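The chain contents come next:
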Amino acid sequence: MSRLTDAEVTIAESVNILEFVKQSGYELTRVGQDFKVKGHGGLLLSQDGHRWNWFSQNVGGGPIQLVQKLENCSWADAARKLLDISGKYPQIAQTAPTYKTQHKEFTLPPKSINVNHVYAYLIKTRGLEQEVVNALIRNHQLYEDDRHNCCFVGHDKDGTPKYAALRGTYTTDKPFRGEVGGSDKSISFCMPGRSGRAFVVESPIDAASHASLWSLHGRDWRQDTRLSLGGLSDKALERFLKDNPQIKTLVFALDNDSGAENHGQMAAARFMAKYAAQGYAVQNQVPHGKDFNEDLQNFREQAREPPQQEFEAAMEM
């Protein structure tokens, strides 16, 4: 079966999930400003039709991830199901939902009175360098919300918050993760640097982990930019490059997923071809484990150089 193109992934991620679940035979009921999927306890869909949270399972995400959970299928099969139904019912691929409320205004969650949970989770549990965490807090890119989640904030080029990713701080088998309603997926979370090089990762914790590894190797982690895609769509990267013409080199540091389909590295291959064609210098930096946070934790446990050659090669660029 042929690989999905960037255009196909973009179409799949633009599907209005409220319309999708109705066309697929699921029953929706209104709960406040959201919609509940009947028979799936705690599964709520946002009123704008683009995000969801399954609170009983502590998971959330976009259209592709929802289909994976509902249909118990792979990421690629979920994307193809969305493409298929968007072809049968073209109206569900509209970016604007068919409900009266067209858009939820973006508002950052209230802050906790301290950052104790964020510190414990990111530094003690995930192994991030304290100087990296402190810098993110000082730069208003990270704080603890009133539910004790890590709130990673993305700003537009004028410094206005437009996006926020949430990560639960309680250590469970399935920790909570999601995004604040109304987030602009073309902004995402970014750790800006001074050079013309940007490392492209999947999540804010990946970005901070990569920076922490850099620091542990005695390098200036503030030199280069680290951009989180908030998944495997390059929508945020396209916007970032338009706003930052000084960036000439892209290092894709996406996850090294296990299983038959390595979605992180499949995406890296697509992006390298796409942006090389646009004139950027590109490189693929593959984590030794499943991601750079796992590499960071292994480094701390073993107190030795991480074995992946790609990390060392990238430092010498």
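For the structure itself, consult the block above.
These numbers were taken from a predicted model, which means no experiment stands behind them.

Parameters at a glance
- Residues numbered from 1 in each chain as written.
- Predicted model: local features only at pLDDT ≥ 70, side-chain atom pairs only at ≥ 80, totals over all residues.
- Heavy atoms only, no water.
- Axes fitted to C-alpha atoms, helices over the stretch in contact; angles between N-to-C directions.
- Helix = DSSP H or I, 4+ residues; strand = E, 2+ residues; numbered from the N terminus.
- Left-handed = near helix turned anticlockwise from the far one by under 90°.
- Contact = heavy atoms within 4.5 Å.
- Nonpolar A, V, L, I, M, F, W, Y, C, P; charged D, E, K, R; others polar.
- 1 Å grid on protein atoms, 1.4 Å probe; cavity = no way out; pocket = protein on both sides within 12 Å on 5 of 7 lines; lining within 4 Å.
- Points joined across faces, edges and corners; volume = space filled by probe spheres on them.
- Core = buried A, V, L, I, M, F, W, Y, C linked by side-chain atoms within 4.5 Å.
- Buried < 20%, exposed > 50% of the residue type's maximum accessible area, 1.4 Å probe, protein only.
- Phe/Tyr/Trp six-rings, centres within 6.5 Å; stacked < 30°, edge-to-face > 60°.
- Lys NZ or Arg CZ within 6 Å of the ring centre and 35° of its normal.

1. Concerning the packing of helix α5 (residues 116-125) against helix α6 (residues 130-138)
Part 1: For the pair α5 and α6, the least separation of the axes is 10 Å and the interaxial angle reads 145°. Taken as a pair, α5 and α6 cross one another with a handedness that is right-handed. For the pair α5 and α6, the contacting residues are Y119, L122 and I123 in the first and Q130, V133, N134 and I137 in the second.
Part 2: Taken together, the residues that form the contact of α5 with α6 break down as 5 nonpolar, 2 polar and no charged.

2. What to know about empty space enclosed by the protein
A probe matching the size of a water molecule, rolled over the atoms, marks out where space remains unfilled.
Part 1: Scanning the model with the defined rule gives 2 cavities of 30 Å³ or more in all.
Part 2: The computed volume of the largest cavity comes to approximately 40 Å³.
Part 3: Lining of the largest cavity is provided by D6, V9, T10, E13, L232, S233, D234, R270 and F271.
Part 4: Elements represented by at least two residues in the lining of the largest cavity include exactly α1 (6-14) and α9 (263-277).
Part 5: The biggest single contributor to the lining of the largest cavity is α1, with 4 residues.
Part 6: The residue inventory of the lining of the largest cavity, partitioned by class, reads 3 nonpolar, 2 polar and 4 charged.
Part 7: Of the pockets and cavities examined, the second largest cavity occupies roughly 30 Å³.
Part 8: Taken together, R3, L4, W75, A76, R80, M266 and R270 make up the lining of the second largest cavity.

3. Comments concerning the packing of helix α7 (residues 204-216) against helix α10 (residues 292-302)
Part 1: Interaxial distance between α7 and α10 falls to 8 Å at its minimum, and their mutual angle equals 35°. The two elements α7 and α10 cross, and the hand of that crossing is left-handed. Listed contacts from α10 to I205, S209, H210, S212, L213 and L216 of α7 are F292, N293, D295, L296, F299 and R300.
Part 2: Of the residues belonging to the contact of α7 with α10, the class tally is 6 nonpolar, 4 polar and 2 charged.

4. Here's the deal with the nonpolar core
Part 1: By size, the foremost hydrophobic cluster in this structure holds 30 residues, and its most contacted members are L122, L142, F152 and M191.
Part 2: Where this core is concerned, the elements lending two or more residues are α5, α6, β7 (150-155), β8 (161-167), β11 (197-201), α7 and α10.
Part 3: The residues touching M191, leaving out its near neighbours within four places in the chain, are V132, L136, Q141, A207, A208, A211, W221, D224, T225 and R226.
Part 4: Counting 29 residues, the second-largest nonpolar core is a separate cluster that includes I17, F20, A76 and L82.

5. A closer look at the packing of aromatic side chains
Part 1: Enumeration according to the criterion identifies 5 aromatic pairs in this entry.
Part 2: Between Y275 and Y280, the ring centres sit 6.2 Å apart and the planes meet at 65°, which makes this aromatic pair edge-to-face. Summarising the burial analysis for this pair, Y275 and Y280 share the class buried.
Part 3: Members of the aromatic cluster, each reached through a chain of ring pairs, are F252, F271, Y275 and Y280.
Part 4: Directly above the ring of Y143 sits K111, whose terminal nitrogen or CZ lies 5.3 Å from the centroid.
Part 5: A cation over a ring is seen here: R226 above W214, with NZ or CZ 5.5 Å from the ring centre.

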